[in-house]
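Listed below, chain by chain, are the residues.
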Amino acid sequence: MTRGHLLRNILRVALLCLVASFVLAPMVATVLGGFKTNAEIRTNAFALPASWNWEFYGSIVSDPAFWRYLGNSMLISSVAVALTLIVGAAAAYVFAQIKFFGSRMLFSYLLLGLMFPFATAILPLFIKVRDVGLLDTWWAVILPQTAFSLSLAILLFRTFFEQLPKELFEAAYIDGCGYVRFFWRFTLPLSAPILATVGVFVFVQSWNNFLLPLVVLNSREVFTWPLGMMQFRGEYVTEWNRTLAFVTLTLVPAIVFFLAAQKYIVAGLTGGAVKG
């Protein structure tokens, strides 16, 4: 290894460590804040606590409201992911495999959803949800989140499906396999990377969504964790250690889900897993 090559490797590692520190620093401060007193948090948010006090984490875990908020968010996010994967994959499969009049125009129309921020539609969305009688229900959050996730999902799915071997479909078609059967038997099993990629995007977006639940949910029984955190902080206005402990515990499911699917994400985004 030459001296110049070694220097480039050192600079590359140093740059990656610097970027990682910017990403991990807020998370580390949040986790540590759950063990500190409020005075320690105000003095130095990144320092280790003088004593590791598990009281704040324990009080949250023992609170039934925390598990109710967490369960509501898990249910809403899981159903939103399932609906987005099924509907998005089916629609993208049609655009990728079946050529029909107006397909390009329809596909472009669906992609318009990527151009508009979610907040711009919140007022008409609230009116529509109210008119159909879904206010203060889980479906008031699930269905809009699914609808707004479909544009990106269809785009990623279609790109991936178009790179699957055409010979595989031709051979299956000769054997009497139709479009629907080919979709369930061959396309989806070969699409684990893109399914995981879209699933992670939708889950994290749904898990962290605050604006939509704030507008369409009123009862604490159906609150998601962001709304629960708002209620929690309202109850303990000055207790930042409890608030940071609450945030830490609610981030764990999203982090675990991401780590479990991370090996598929790069392959899904680059259209990998193409087998001849």
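Residues numbered from 1 in each chain as written. Predicted model: local features only at pLDDT ≥ 70, side-chain atom pairs only at ≥ 80, totals over all residues. Heavy atoms only, no water.

**Details of the overall build of the chain**
What counts, and what does not: Runs of H or I in DSSP of at least four residues are treated as helices and runs of E of at least two as strands, each being numbered from the N terminus. It only takes one pair of heavy atoms within 4.5 Å for two residues to be counted as in contact.
Secondary structure assignment for the chain yields 13 helices and 0 strands. Ordered by position from the N terminus, the helices and strands of the chain form the series α-α-α-α-α-α-α-α-α-α-α-α-α. Each principal axis of the C-alpha distribution contributes one length, and for the chain these read about 70 × 70 × 30 Å. A separation of at least 24 residues holds for 72% of the contacts in the chain among residues at least 6 apart in sequence.

**Things to note about the packing of helix α5 (residues 103-111) against helix α7 (residues 139-161)**
Each pair of packed helices can be summarised by the angle the axes make with each other and by the distance between the axes. Counted only if it meets this: Axis definition: a line fit to C-alpha positions, over the contact stretch in the case of helices; interaxial angles, taken between N-to-C directions, run 0 to 180 degrees. An angle counts as roughly parallel when it lies under 35 degrees, as roughly antiparallel when it exceeds 145, as roughly perpendicular when it falls between 65 and 115, and as oblique in every other case. Residues are sorted three ways: Asp, Glu, Lys and Arg are charged, Ala, Val, Leu, Ile, Met, Phe, Trp, Tyr, Cys and Pro are nonpolar, and all the rest, Gly among them, are polar.
For the pair α5 and α7, the least separation of the axes is 8 Å and the interaxial angle reads 130°. With respect to α7, the axis of α5 lies oblique. Contact with α5, carried on its side by Phe 107, Leu 110 and Leu 111, involves Ser 151, Ile 154, Leu 155 and Arg 158 of α7 and no other residues of that element. Across the contact of α5 with α7, the residue classes tally to 5 nonpolar, 1 polar and 1 charged.

**Structural notes on the nonpolar core**
Threshold: Note on terminology: a nonpolar core comprises buried Ala, Val, Leu, Ile, Met, Phe, Trp, Tyr and Cys residues joined through side-chain atoms within 4.5 Å. Only protein chains enter the accessibility calculation, which uses a 1.4 Å probe; a residue is then buried when its area is under 20% of its type maximum, exposed when over 50%, and partly exposed in between.
With 53 residues, the main nonpolar core has Phe 157, Phe 161, Val 198, Val 216 and Leu 217 as its most contacted residues. Broken down by element, the residue count for this core peaks at 12 residues, all from helix α4 (residues 64-97). Not counting chain neighbours up to four residues away, the residues in contact with Leu 217 comprise Asp 136, Thr 137, Val 141, Val 222, Phe 223, Thr 224 and Leu 227.

**Examining the pattern of salt bridges**
Defined as follows: By definition, a salt bridge exists where a carboxyl oxygen of Asp or Glu is found within 4 Å of a side-chain nitrogen of Lys or Arg.
The full count for this structure, using the stated rule, is 3 salt bridges. One salt bridge in this structure joins Arg 242 and Glu 55, with 3.6 Å as the shortest N-O distance. Of this pair, Arg 242 sits in helix α13 (residues 240-269) while Glu 55 sits in helix α3 (residues 55-61); the two residues are 187 residues apart in sequence, bridging distant segments of the chain. On the basis of relative accessibility, which here comes to 12%, the residue Arg 242 falls in the buried class. In this structure Glu 55 comes out as partly exposed when scored by relative accessible area, which is 44%. For Arg 158, the salt bridge is made with Glu 162, and the minimal N-O distance between the two is 3.1 Å.

**So, the environment of Trp 207**
Tracing the backbone through its elements, the reader meets Trp 207 in helix α10 (residues 192-207). Residue Trp 207 is classed as buried on the basis of its relative accessible area, which comes to 0%. Ignoring any residue separated from it by four or fewer positions in sequence, one finds Trp 207 in contact with Leu 70, Ser 73, Met 74, Ser 77, Trp 225, Pro 226, Thr 250, Pro 253 and Ala 254.

**A short note on helix α9 (residues 179-187)**
The condition is simple: This arc is taken over the directions from the axis of the helix to the C-beta atoms.
Among all positions in α9, only Phe 182, Phe 183 and Thr 187 are buried. Along α9, the residues classed as buried sweep out an arc of 105° about the axis, all on the same side. In α9, those exposed residues whose orientation departs by more than 90 degrees from the buried face are Val 180, Trp 184 and Arg 185. Structurally, α9 contributes buried residues whose contacts are with α4, α7 and α8 (166-174).

**Considering the side chain of Ser 149**
To keep things clear, this is the line we draw: In protein, a polar contact requires one atom able to donate a hydrogen and another able to accept it; more generally it is a pair of N or O atoms within 3.5 Å, and residues adjacent in sequence count only if both atoms are side-chain atoms.
With respect to the helices and strands, the residue Ser 149 is situated in helix α7. Classification of Ser 149 as buried rests on a relative accessible area of 7%. One polar contact links Ser 149 to Gln 205, side chain to side chain, over a distance of 3.4 Å.

**Notes on α10**
What counts is decided by this rule: Helices are assigned an expected span. That span is 1.5 Å times one less than the residue count.
Counted at 1.5 Å a residue, the expected span for α10 with its 16 residues is 22 Å, and the 22 Å between its end C-alpha atoms agrees. Of the residues making up α10, those classed as buried are Pro 193, Ile 194, Ala 196, Thr 197, Val 198, Gly 199, Val 200, Val 202, Phe 203, Ser 206 and Trp 207.

**Details of a nonpolar patch on the surface**
What counts here: Like-charged residues are merged into a patch within 9 Å and nonpolar side chains (Val, Leu, Ile, Met, Phe, Trp, Tyr) within 5 Å, provided each residue has over 30% relative accessible area and no salt bridge. Under the convention used here, a 1.4 Å probe and the Shrake-Rupley method define accessible areas, while residue burial counts only the protein chains that appear.
Among the surface-exposed residues, Leu 15, Leu 18, Val 19, Phe 22, Val 23, Leu 24, Met 27, Val 28, Val 31, Ile 255, Phe 258 and Leu 259 lie close enough to one another that they form a single nonpolar patch of about 1100 Å² accessible area. At the level of secondary structure, the elements contributing two or more residues to the nonpolar patch comprise α1 (3-33) and α13. Looking at the element boundaries, Val 23 is found in helix α1.

**Brief notes about the confidence of the model for the chain**
We apply this condition: One confidence number per residue, pLDDT, is output by the predictor and ranges from 0 to 100.
Mean pLDDT for the chain: 84, with 92% of residues reaching 70 or above. By mean pLDDT, the top-scoring element of the chain is α4 (92), and the lowest-scoring one is helix α12 (residues 225-235) (74). Note on residues 272-276: pLDDT is under 50 here. Beyond four places in sequence and across chains, it has 9 contacts.

**Re the environment of Ile 154**
With respect to the element layout, Ile 154 can be found in helix α7. C-alpha of Ile 154 to C-alpha of Phe 107: the two residues are 47 residues apart in sequence and 8.7 Å apart in space. If we skip the residues at most four places from it in the chain, Ile 154 touches Gly 88, Ala 91, Ala 92, Phe 95, Phe 107 and Leu 110.

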